[in-house]
Amino acid sequence: MKKKILVTGGAGYIGSHTVIALCEAGFEPIIADNYSNSEPWILDQLTKITKKKIKNYTVDCTDKDGLKKVFKEEQIYGVIHFAAYKAVGESVENPLKYYQNNIGSLNCVIELMNEYGVENLVFSSSCTVYGEADYLPVDEKHPIKKAESPYGYSKQVCETLISDCLNSNQLTRAITLRYFNPVGAHTSGLIGELPIGTPNNLVPFITQTAAGIRKYLTVFGNDYKTDDGTCIRDYIHVMDLANAHVKALNTMSETGKSITLNVGTGKGSSVLEAVQSFEKVNQLKLNYRIGPKRSGDIEQIYAATELAEKTLKWRTEYSIDDAMKDAWRWEKNLANK
Ligand code: WQD
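Quick look at the structure, then. Predicted, not measured: the structure shown is a model, and the values here were computed from it.

1. Considerations on the site of the ligand
Right, on to step 1. Neighbouring residues of the ligand: 20 residues in total, closest Ser-126, Leu-202, Thr-218, Arg-233 and Asp-297.
Right, on to step 2. Within the contact set of the ligand, an oxygen atom lies 2.6 Å away from a side-chain nitrogen or oxygen of Ser-126.
Right, on to step 3. Between the ligand and the protein, one listed contact pairs an oxygen atom with a backbone N or O atom of Asn-200 at 3.4 Å.
Right, on to step 4. For the ligand, whose unbound accessible area comes to 680 Å², protein coverage reaches 92%.
Right, on to step 5. Taken together, the elements giving at least two residues each to the shell around the ligand come down to α7 (202-210) and β8 (217-220).
Right, on to step 6. At four residues, β8 tops the list of elements feeding residues into the shell around the ligand.
Right, on to step 7. Grouping the constituent residues of the shell around the ligand by class yields 10 nonpolar, six polar and four charged.

Okay, here's the thing in structure tokens:
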């Protein structure tokens, strides 16, 4: 009998890639999604890739009665909780929406795990909890600074919620993964990032510019104290990130331990280096111009990966070049959809 994993937000960007990794690892993923930031047709794409019909429930994870149905009907072994809003700028304009959904949905999930004796949780957190780094690469001991946005603060609150529930035995075990910058798409080109409206994030803006959807990319500032003056981030291929979630489930069942881990490549890349990577691997010229800094952006951050590599027996296999190639393939397929 395959272990059933509830994947909340499983039709979303990272969720859908993780569903593939779970199938490949012999788990049975069950998707719960309200499609507020994803599309139902992604489920068909997942079937094309996995050759399986992925069981799914249309449900808002803040709706306890609705979500209870899943726990009642399915013998859940573990939960991977992705369902959350993640747009930094939007969270500043509408903090209530972020606190209600991001914290409320986790609260609901843990309550139901408690009621139904589900012991394993993998939680989707973010490097944004660190704020501007005091040292680089950032390791898991780096201080948690005052969040730069309600989105970042909601992730900090969720991490505290998990540790409090572990201490009170209202949660058996959890692995919290602090993502750096997820990029790229499944090599099939059948799934990928699906931003609603104008993309906030760099890579979908790059691919939409290359596709002619956007006139040009604005590079937000080139007078930072970095080699080429542009911000540095740790861009991790979404399939590497997906595999880390599977490893986290296996680690919990082998060790029974809870832990918080950085999930990045350990390598920093500047915005211009990301653009150059995209141009090189896809053999095209990108139309970009330098613009003013974006408020709230930190100058640079990239991960210390030793703890995750040792704990999960996991390491990244894809490069930023792979991510840029895969992102472009997905964008071209979207255009022909
Ligand atoms: C990356 C770099 C921009 C767009 C946020 C969240 C993080 C995670 C990923 C959820 C920055 C520059 C961007 C553009 C640009 N969220 N940029 N022109 O802000 O590092 O992280 O998204 O998982 O938690 O904090 O990602 O892709 O927006 O920006 O120059 O049009 O690209 O200034 O330096 P960010 P991003």
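Having seen it, we continue.
2. Notes on the nonpolar core
Right, on to step 1. Membership of the largest hydrophobic core comes to 40 residues, with the highest contact counts inside it found for Leu-22, Leu-46, Leu-177, Leu-249 and Leu-312.
Right, on to step 2. For this core, the elements supplying multiple residues, two or more each, are β1 (4-8), α1 (13-24), α2 (41-50), β6 (173-179), α8 (238-255), β11 (259-263) and α10 (306-312).
Right, on to step 3. With residues near it in sequence (within four places) discarded, Leu-249 still touches Ile-5, Leu-22, Phe-27, Ile-80 and Val-122.
Right, on to step 4. Core analysis: the second largest hydrophobic core is formed by 28 residues, Ile-30, Val-118, Leu-121 and Leu-166 among them.

3. Re the sheet that holds β6
Right, on to step 1. Strand order in this open sheet of seven strands is β3-β2-β1-β4-β5-β6-β11, and the pairing throughout is parallel. Where the open sheet ends on each side, the last strands, each with one partner, are β3 (55-58) and β11. Sheet twist, expressed as the average angle between the axes of neighbouring strands with direction ignored, equals 20 degrees.
Right, on to step 2. Inspection of the sheet shows strand β5 (residues 120-126) paired to β6 by seven bridges, in the parallel sense.

4. Comments concerning the state of the cysteines
Right, on to step 1. Taken as a whole and assessed by the stated rule, the structure comprises zero disulfides.
Right, on to step 2. Among the cysteines around Cys-61, which has no disulfide bond, Cys-108 carries the closest sulfur, lying 7.2 Å off.
Right, on to step 3. In this structure Cys-61 comes out as buried when scored by relative accessible area, which is 5%.
Right, on to step 4. As a non-bridged cysteine, Cys-231 has Cys-127 as the owner of its nearest cysteine sulfur, 12 Å distant.

5. Re the pattern of salt bridges
Right, on to step 1. Counted under the stated rule, the structure contains 19 salt bridges.
Right, on to step 2. Taking the shortest distance from any N to any O, the salt bridge between Lys-64 and Glu-111 comes out at 3.1 Å. With Lys-64 in helix α3 (residues 64-73) and Glu-111 in helix α5 (residues 95-115), this pair connects stretches of sequence that are 47 residues apart.
Right, on to step 3. With relative accessibility at 34%, the residue Glu-111 sits in the partly exposed group.
Right, on to step 4. Several salt bridges share partner residues, and in doing so they unite Lys-64, Lys-68, Glu-111 and Glu-115 into one network.

Rules behind the numbers
Residues numbered from 1 in each chain as written. Predicted model: local features only at pLDDT ≥ 70, side-chain atom pairs only at ≥ 80, totals over all residues. Heavy atoms only, no water. Near = heavy atom within 4 Å. Polar contact = N/O pair within 3.5 Å; in protein donor to acceptor, adjacent residues only side chain to side chain. Areas by Shrake-Rupley, 256 points an atom, 1.4 Å probe, with all protein chains shown as cover. Helix = DSSP H or I, 4+ residues; strand = E, 2+ residues; numbered from the N terminus. Nonpolar A, V, L, I, M, F, W, Y, C, P; charged D, E, K, R; others polar. Core = buried A, V, L, I, M, F, W, Y, C linked by side-chain atoms within 4.5 Å. Buried < 20%, exposed > 50% of the residue type's maximum accessible area, 1.4 Å probe, protein only. Contact = heavy atoms within 4.5 Å. Pairing = 2+ DSSP bridges. Axes fitted to C-alpha atoms, helices over the stretch in contact; angles between N-to-C directions. Disulfide = S-S within 2.5 Å. Salt bridge = Lys/Arg side-chain N within 4 Å of Asp/Glu carboxyl O.

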